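Here's the letter readout for the chains.
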Amino acid sequence: MTYTIPEVHWESILPVIIVISTGVLALILEMLRPKQNNNGVVLVSLVGLIAAMAFLVPQIGSESIESFGAMVFRDGVSVILQIILVGACFLTFCFSEGYLREKRIPFAEFYPLALWATSGAMLMVLTNSLMMLFIGLEVMSIALYCLSGMAKNELRSEESAMKYFLLGAFASAFLLFGMAFVYGATGSLSLSAVSETLTFHMDDMGVIMMLGVGLILVGFCFKASLVPFHQWTPDVYQGAPTNVTAFMSAIAKIAAFGALYRVLAGAFPLMDFWFPLLVMVAIVTMTVGNLAALVQQDVKRTLGYSAIAQAGYLLVALLSHFRNPEAVSLNATLYYLLVYSTMTLGAFAVISMVARQGREGTRLRDLNGLWSRSPLAAVALAFCMLSLIGIPPTAGFVGKLFIFNDALAAGLPLLAIALAVNSVISVFYYLGIMKAAFVTDENLPQGESAPAHVGMGFVLSFSVVAMIGFAVFVAPVSQVFSRATGDITSYEVEIPEPDPDAASPAAASLSAN
Amino acid sequence: MEATGFGVLSLLLAVPLVGILVLLFLPEDFHPVIRTVAMVFSLIAFGVSLVVYAAFQPETYHFQLVERMDWIPALGIQYQLGIDGLSLWLVLLTTFMTVIASWASFSIKEKVRGYYICLFLLQMALLGVFMSLDLILIYVFFELSLVPIYFLIAVWGGANKTYAANKFLIYTFAASIFMLVGMVMLSQLHLEAIGTRSFDLLAIQGAVANGTLWAGAMQLQPLIFWAFMLAFMVKTPMFPFHTWLPDAYSNAPAPAMIMIAALPVKMGSYGILRLLLPLFPDTLQRYIPLLLGLAIVAIIYGAVVAAVQPDLKKLIGYSSVAHMGFVTLGIFSLTHTGMMGGSYQQLNHGISTGLLFLMVLFVAQRLKTTDFSHLGGLKKRMPLFSVIFLIAMLSGVGMPGTNGFVGEFLALMGAFESTRTNQFGLNIWFSVVAGTGVFLAAVYQLYMFQQTFYGKPKTVMISRLKDLKTGEVVLASTLILFIFWGGLYPSTFLKPLEQSVGATRMMSLNPAGQRPSWNDLTLELDEDGNLVRVAPRVRNGDLAAFEVTEMVFEDRKHYPFPPEADAPPEFASAQPGGES
C-alpha cells in the first residue's frame, strides 16, 4: 500500500489562512503595545480582512475544487458565503472601537478573537467533511463564547457567555453524536459519501442515517437559532456587548446556514424525512420569533427574537431550493443572507452608539430623540428597520420577494402565506424601534449617544447605501450569485443502472415535478 | 419587448428624487432656502407633467410614452413606465397638489428639511404608482408611499400621532403584503401559460385578454382577486377597512394633509381600475353585488358618521370615505357612464378635499384647533374665507356647476343603469339607497359649515381674527378654478378618460378572446366605443390615427347589456348596429 500525499490547492484555503494569521498578528501587536490605544490593532485587522477579500473575489465563478484529502471543498456557495463573512467582520470592526471605549471594555483581544471566529465560520462553509464542519464550528463558537463575556464587569454579559457556552456545548454534543452515527453507517466523514450511501443502501441504513442526520440537524438548528432550539438567542443577544451581538448575529447565522445547506445537500435522498420536519420548524420559527418579539422592552432582545424570525425566513428560502433545485436557485438564500447581515449589523451599530459612559443603552427609551442628536444614525436605523420589515425600495423587500417567488415556484404556498402573515406581525415591533428613534417623547429624558466617529459614519452610510443599492442593482448582484451557483441544479447521486425503483421516493417525486 | 431608454416619464419621476438629494445637502437651519428649493422642484415637476399632458394622445386606450428596462431579469421584473387616460389626470393631480402643499407647508417651522424630503418622497411614490406598468414596480411604489406618510404623521403630527401613524402603516402593510403574494402567483401563472416568467402588466393582461392565463387556473382567480382587493379596499378605503383614515387624517400635519387627503387614497381606486378590472374579469362579475353594496355602505356610513364628528378634520376624513364610496360605486357599476363618473370623481375628490384641507390649515394656523367646540361665528370675522370654504363644501355636496356634481351624477347614473337592467343580480334598490347619499352629504356638510361659520364665537380668539391674506386667496383660487372648470366644462377632463375607461370596461366585461389587450397594438376602440382591429402600428408612435380593418366586438356604450334583457344575455348574440 502506498500513501499518496493529498492534493493541495492553496488558493482555496488562502483567505482562511490570511484571516487566522491576521488574528495572530493582531494579538502579538496588542501584547507588544500594552496600555496603548487599539488603533494599530484595528488597522492591521482591517488590512488583513481586505487582503482576504482580495483573494476571495477572484474565486467567484471558478470551478468547484476538493483538496486537502477531501477536507476542503470550495464551490460557488462557499466563496460567496466567505465574502459575506469577511465583509460582516469588516463592518463590525469599523464601528467596534468607539463602542469599546465608550463602554470602557479594555479588551483588545476582541479583534483577534473575532478574526478567529470568522475563520472558523469560513471553514464551516468551505468544507464537505463532517470533521471539518465540527472543527470550524468549535473554532467559531469558542471564540464567540469568550466574546459574549468580554464585558467582565457586567453580570448580564457573564450570564450570556455562560448560557451560550453551556447550551452550545450541548448542541455540539448532539452534533458529534449524530456525526458518529453517520460515520458508523457510512464509514466516511464526507457528506457526499453520505448521500451515496443513502441512495444505494436506503433499506439497510435508513434508520441509523435518519438518527444521525436528525441529530446533526439539531446541532445546526441550534446555531441558526431555529425554534425549538432558539432559547439562548434573546438572552445572549441581550447580554453580550452590542458589537459582539452584531458580529454574532451576522457571522453565526451565515455559517450555520452554510453548514445546514451542506448537510441537507448531503442528506438529500432522505428528503422525505427531514423536509416536512423543517417546514414545521420554519413556520414555528417565524411565528414564535415574531410573536415573542412583540412583547419585548429591550431593543437588543427584540432584535434577538427578530433574528429568530429572520432565520425562519431564510429556512423558507433554503427549503424552497431543496424542494425543486432545478427551478429554484440558491440565489434567494444567498441574497437574503447578504442583506440580512447588512441590516442587522447596521441596526446593532446604531444601538451601540447609544451606549454611554460604561453603560449599555438598549431600552427603547434610550433611543428617544436620536433623530435630533444624530440624524444619520436615525436614518440608518430607519432604513434597516424598513428593510427588516420588507418595505420597498429596500433590499429586504427584494429579498422577501425572492423568497415568496421561490416558495410559490417550488409549490410551497403554505410557507409563502406563513411568511406574509409573519411579515405583518413583525411590523409592530420594528415600527416600535423606528418610532423610538424618530418621535421625541418630551416626557422622557433625552437619551445620550456617542458622536459618530469615522468608522461608525462609514458603517451607517454603508448600511443606508447598501439597503437601496442592493435593491436597485439586484440584477448584477444576482448575476454574481448565478455565476457562482448556477451549476447547482440537482443533488441526486448518479445511479448507474437504469432502474427507476432504485431511486429514492424523494428523488422520484422530484423528477415527477 | 425590447428595452427603450429613459424618457420624459423617468424625468418626471427623477425630479422629486433630485429634489430630495439637493435638500439633503442643504444646511438644516436655512429655512428660506429649503422652502425655495422645495417650491422650485415642485414647480419643475408640475412643468414636466404639463409636457406629458401635451404629448398625450387621447384617441387611444394604449399606454403611451412607454419606457422599458430590465430590473431583475431572473424573475422577469422590469422598470416599465407608461401613461394612459386613467393615469394622466392622477399624474397631473399629484404634481399640482404637490405645488399647493409645498406652498402651504411654509407654515411648518421645525425639521423643515426632513418634512420636505417626506413630501417629495410621497410625490415620487405616487407618481411611480400611477405610471408603473410592472406589477412589482407598482407594488414598490405602493409600499414606498407608506414611509413618508408614516413619518409625516409620526413626527409632525398632532396629539395622537404615534397611534395614528402605527395604525396607518400596519393596516396598509398588512393588506398589501398579500397582494405581493398574489402578484407572484400571477407571474407563476404567466410562466405556466406562456412559458416565460413575467411581472409585466401588459403581458399578463394580454394573456388574460385572450383567455390563456386563467384557462387552467380558474380556481385560483378568486383567491388572487381578494388578495388584490383587500389591499385596495384598505387603501381606498372601503367599508369596513376605513378605520385608519379618520385617525390618520386628524393627526397628520395640516399642510401635508392637502396631499395625503387628495392623493394616496387614489392609489386604491386607481389600483381597482388598473389591476382588478382588467386582470380578474370573471371573479369581478361574480362579486359585483357585494362590491357595489360595500360602496353604498361606505357612502351612507361615511355620511352618517361624518355628521356626528366633533372635529373638522375628522369630519372631512369621514366625508372622504363617503366620496370614495361614490368613486367605487361608479367603477363597480361597470357601465360606461358610471366608470367615467367614478374615474372623474377621483380627480374631483382630490381637488375639493385638497381645498377643504387648505381651509382647515388656515383655521388651524389661526386658532390652533379644529374642534367644533372652539369654532363658530367665523363668518363675521372672515367673510372671504367663508366664501371659499362654501365653494369647497358645495363641490363636496355635489352642487350643480361644481365638478363634484358631474362626478357624482355620472356615478349614480351608471349605478342606476346597471341596477335598472338587473345585471349581475343587482336590483334597483341599490341605486335608490346610493342616491340618498347625496342628501346625507348635504346634511353633514351644512352641519360643518354651520358649526364653523354661524352662531356665536365659542372662543375669544375668534373675535380677533383677520381674514385671509392675498397669498392665501391666490393659493385657494387655483383650486377653485378647477372646481368650476370641472363643473362647467368637464369635457376637458372627460375626453382623455374616454378611451381608457371604455377599454377597461370591456376588459372586465367581454368574453375571453374579445377583450381589449394592452399588449396588442392592432386592437383599438373606435369613436363609438367598439373594439376594432386596426392596421399594425408601433408603440410610442402616432397612435391617434388608425386604420380600421375589422370589427371585433361591438359595444353598447351606455348599458352593460341590452336593457330589455332580463337574464344576463350571451355576449355572442350582440348584433352589429344595436347601439342604444
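Definitions and cut-offs
- Residues numbered from 1 in each chain as written.
- Chains lettered and ligands numbered in written order.
- Predicted model: local features only at pLDDT ≥ 70, side-chain atom pairs only at ≥ 80, totals over all residues.
- Heavy atoms only, no water.
- Helix = DSSP H or I, 4+ residues; strand = E, 2+ residues; numbered from the N terminus.
- Rg over C-alpha atoms; globule rule 2.2 N^0.38 Å.
- Buried < 20%, exposed > 50% of the residue type's maximum accessible area, 1.4 Å probe, protein only.
- Contact = heavy atoms within 4.5 Å.
- Areas by Shrake-Rupley, 256 points an atom, 1.4 Å probe, with all protein chains shown as cover.
- Lys, Arg positive; Asp, Glu negative; His and termini not counted.
- Charge placed at Lys NZ, Arg CZ, Asp CG, Glu CD.
- 1 Å grid on protein atoms, 1.4 Å probe; cavity = no way out; pocket = protein on both sides within 12 Å on 5 of 7 lines; lining within 4 Å.
- Points joined across faces, edges and corners; volume = space filled by probe spheres on them.
- Nonpolar A, V, L, I, M, F, W, Y, C, P; charged D, E, K, R; others polar.
- Buried area = accessible area lost by both parts, 1.4 Å probe.
- Salt bridge = Lys/Arg side-chain N within 4 Å of Asp/Glu carboxyl O.
- Polar contact = N/O pair within 3.5 Å; in protein donor to acceptor, adjacent residues only side chain to side chain.
- Pairing = 2+ DSSP bridges.
- Axes fitted to C-alpha atoms, helices over the stretch in contact; angles between N-to-C directions.
- Phe/Tyr/Trp six-rings, centres within 6.5 Å; stacked < 30°, edge-to-face > 60°.
- Core = buried A, V, L, I, M, F, W, Y, C linked by side-chain atoms within 4.5 Å.
- pLDDT = per-residue confidence, 0-100.

Draft legend 1. Region of interest: the overall build of chain B. When helices and strands are tallied, chain B shows 24 helices and 5 strands. Here chain B has a C-alpha radius of gyration of 23 Å; the compact-globule value for 580 residues is 25 Å, and the two agree. Here the C-alpha coordinates of chain B stretch approximately 70 × 55 × 40 Å along the principal axes. The burial tally for chain B puts 66% of its 580 residues in the buried class. Intrachain contacts of chain B at a sequence separation of at least 6 include 76% that bridge at least 24 residues. When the accessible area of chain B is evaluated, it comes to approximately 18500 Å², of which 67% is carbon and sulfur surface. Positive and negative side-chain charges of chain B, numbering 33 and 35 respectively, have mean locations separated by a distance of 17 Å.

Draft legend 2. Representation of the overall build of chain A. From N to C terminus, chain A includes 20 helices and 2 strands. For a compact globule of 513 residues, the expected C-alpha radius of gyration is about 24 Å, and chain A comes in at 22 Å, within 12% of that figure. Its C-alpha atoms give chain A principal-axis dimensions of roughly 75 × 55 × 40 Å. Residues classed as buried in chain A amount to 65% of the 513 residues present. Between the centroid of the 23 positive side chains of chain A and the centroid of its 32 negative side chains there is a distance of 18 Å.

Draft legend 3. Just the layout of surface pockets, in detail. The space that makes up the largest pocket amounts to roughly 1800 Å³. Among the secondary structure elements, those contributing two or more residues to the lining of the largest pocket are helix H14 (370-373), helix H15 (375-389) and helix H18 (454-472) of chain A together with helix H1 (8-24), strand S1 (64-72), helix H4 (112-131), helix H5 (135-144) and helix H6 (146-156) of chain B. Looking at the lining of the largest pocket residue by residue, the classes come out as 37 nonpolar, 6 polar and 4 charged. In this structure, the second largest pocket encloses a volume near 770 Å³. Of all the secondary-structure elements, those providing two or more residues to the lining of the second largest pocket are helix H11 (244-251), helix H12 (254-262), helix H16 (312-332) and helix H17 (336-367) of chain B. Looking at side-chain class alone, the lining of the second largest pocket contains 9 nonpolar, 9 polar and 8 charged residues.

Draft legend 4. Examining the interface of chain B and chain A more closely. At the junction of the two partners, chain B supplies 34 residues and chain A supplies 32 residues. By the criterion of area lost to chain A, the three top residues of chain B are Trp71, Ile170 and Phe173 of chain B, representing 18% of everything that side buries. Our count for the chain B to chain A interface comes out at 0 salt bridges. On the surface where chain B and chain A come into contact, there are 4 residue pairs in polar contact (both at pLDDT 80 or more). Looking at the side of chain B that touches chain A, the elements that each hand over two or more residues are S1, H5, H6 and helix H7 (161-194) of chain B. For the side of chain B that touches chain A, the leading source of residues is H7 of chain B, giving 15 residues.

Draft legend 5. The sheet that holds strand S4 (residues 531-534) of chain B, seen in detail. Residues and elements named next belong to chain B. The sheet built from 3 strands is open, its strands ordered S3-S4-S5 with antiparallel pairing. In the strand order of this sheet, the two ends are held by strand S3 (523-525) and strand S5 (548-553), each with one partner. Within this sheet the neighbouring strands show an average axis-to-axis angle of 40°, counted without direction. Here S3 runs beside S4; their pairing, made up of 3 bridges, is antiparallel. Its bridge partner being in S4, Leu523 is matched across the sheet by Arg533. Sheet contacts for helix H24 (residues 491-509): S3, S4 and S5; angle to S3, the most-contacted strand, approximately 120°.

Draft legend 6. Fine view of H11 of chain B. With 8 of its 8 residues buried, H11 of chain B lies for the most part within the structure. Along H11 of chain B, the positions that sit buried rather than exposed are Trp244, Leu245, Pro246, Asp247, Ala248, Tyr249, Ser250 and Asn251 of chain B.

Draft legend 7. A look at the side chain of Lys235 of chain B. All names here are of chain B. Within the fold, Lys235 resides in helix H10 (residues 221-235). Buried charged residue Lys235 carries no salt bridge. Nearest counter-charge: Glu143, at 5.9 Å. Dropping the residues within four chain positions of it, Lys235 is found in contact with Phe142, Ser145, Leu146, Thr172, Trp244, Pro264, Val265, Met267 and Gly268.

Draft legend 8. Fine view of the packing of aromatic side chains. Applying the stated criterion to the full structure yields 53 aromatic pairs over all chains. Relative to Phe438 of chain A, the ring of Trp371 of chain A lies with its centre 5.2 Å away and its plane at 45°, an arrangement referred to as tilted. Here the residue Trp371 of chain A occupies a position in helix H14, and Phe438 of chain A occupies one in helix H17 (residues 413-438), the gap between them amounting to 67 residues. An identical accessibility class is assigned to Trp371 of chain A and Phe438 of chain A; each is buried. An angle of 55° between the planes, with centres 5.0 Å apart, marks the rings of Trp89 of chain B and Phe493 of chain B as tilted. With Trp89 of chain B in helix H3 (residues 85-104) and Phe493 of chain B in helix H24, this pair connects stretches of sequence that are 404 residues apart. Per residue, the accessibility class of Trp89 of chain B equals that of Phe493 of chain B, and both read buried. Counting every residue linked through ring pairs, the aromatic cluster contains Phe46, Tyr53, Trp89, Phe96, Tyr344, Phe482, Trp485 and Phe493 of chain B.

Draft legend 9. Broad picture of the nonpolar core. Formed by 420 residues in total, the largest nonpolar core has its most connected members in Trp274 of chain A together with Phe332 of chain B. Residue contacts for Trp274 of chain A: discarding those within four places in its chain leaves Leu217, Leu264, Ala267, Phe268, Leu319 and Phe322 of chain A.

Draft legend 10. Region of the structure containing the confidence of the model for chain A. Scored by pLDDT, chain A comes out at a mean of 86, with 93% of its residues at no less than 70. Here residues 502-513 of chain A is modelled with pLDDT under 50, and outside its nearest four sequence neighbours on either side it reaches 14 contacts, counting other chains as well.

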